[in-house]
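Architecture at a glance
The residues making up each chain are set out below.
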Amino acid sequence: MAQQSLTFKGVENADQVNRITTALMMLDGVESVEVGRHGAEVDGRARREALIQAIRKLGLGIEVS
């Protein structure tokens, strides 16, 4: 199982963290997710681009890398 790290800029509250967590957990291939205000650690076989796109689709106006 692969682990990927994502970095965030602009996450300001727990609601955003919860929405990001839910979006990532719903992706095929994601086994577990740990999300905080500054980034996420994702375990599983999901593609990095799929993770980033799922977060961008939320329309939170944050930077993801």
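In this report, the structure presented in the accompanying data block is examined. All values reported here derive from a predicted model rather than from experimental measurement. (Residues numbered from 1 in each chain as written. Predicted model: local features only at pLDDT ≥ 70, side-chain atom pairs only at ≥ 80, totals over all residues. Heavy atoms only, no water.)

Notes on the overall build of the protein chain
Put simply, the rule reads: Helix numbers and strand numbers start at the N terminus; a helix is a DSSP run of H or I with at least 4 residues, a strand a run of E with at least 2. Our radius of gyration looks at C-alpha atoms and nothing else; its globule reference is 2.2 Å times the residue count to the power 0.38. Note on exposure labels: buried denotes an accessible area under 20% of the residue type's maximum, exposed denotes more than 50%, and partly exposed covers the range between, all computed with a 1.4 Å probe on protein chains only. Residue contacts are defined here by distance: any two heavy atoms, one from each residue, within 4.5 Å place the two residues in contact.
When helices and strands are tallied, the protein chain shows two helices and four strands. Going from N to C terminus, the protein chain has its helices and strands arranged as β-α-β-β-α-β. For 65 residues, the compact-globule estimate of 2.2 N^0.38 gives 11 Å, and the C-alpha radius of gyration of the protein chain, at 10 Å, lies within 12% of that figure. Counting only C-alpha atoms, the protein chain reaches 30 × 20 × 20 Å along its principal axes. A total of 65 residues make up the protein chain; the buried ones form 38% of that total. The contacts in the protein chain between residues at least 6 apart in sequence include a share of 59% that link residues at least 24 apart.

What to know about the sheet that holds strand β2 (residues 30-36)
Pairing between sheet strands relies on hydrogen bonds along the backbone, with the strands arranged either parallel or antiparallel. The test is simple: One bridge is not enough; two strands pair if DSSP finds at least two bridges between them. Note on definitions: angles span 0 to 180 degrees between N-to-C directions of axes, and those axes are lines fitted to C-alpha atoms, for helices only across the stretch in contact.
Across the sheet, which stays open at both edges, the four strands sit in the order β2-β3-β1-β4 with antiparallel pairing between neighbours. The strands lining the two open edges of the sheet, one partner per strand, are β2 and β4 (63-64). The strands that helix α1 (residues 14-25) touches are β1 (2-9), β2 and β3 (39-44); relative to β2, the one it contacts most, it runs at about 165 degrees. Where helix α2 (residues 48-56) meets the sheet, its contacts fall on β1, β2, β3 and β4, and the angle it forms with β1 comes to roughly 35 degrees.

These results come straight from atomic positions and should not be treated as a statement about function.
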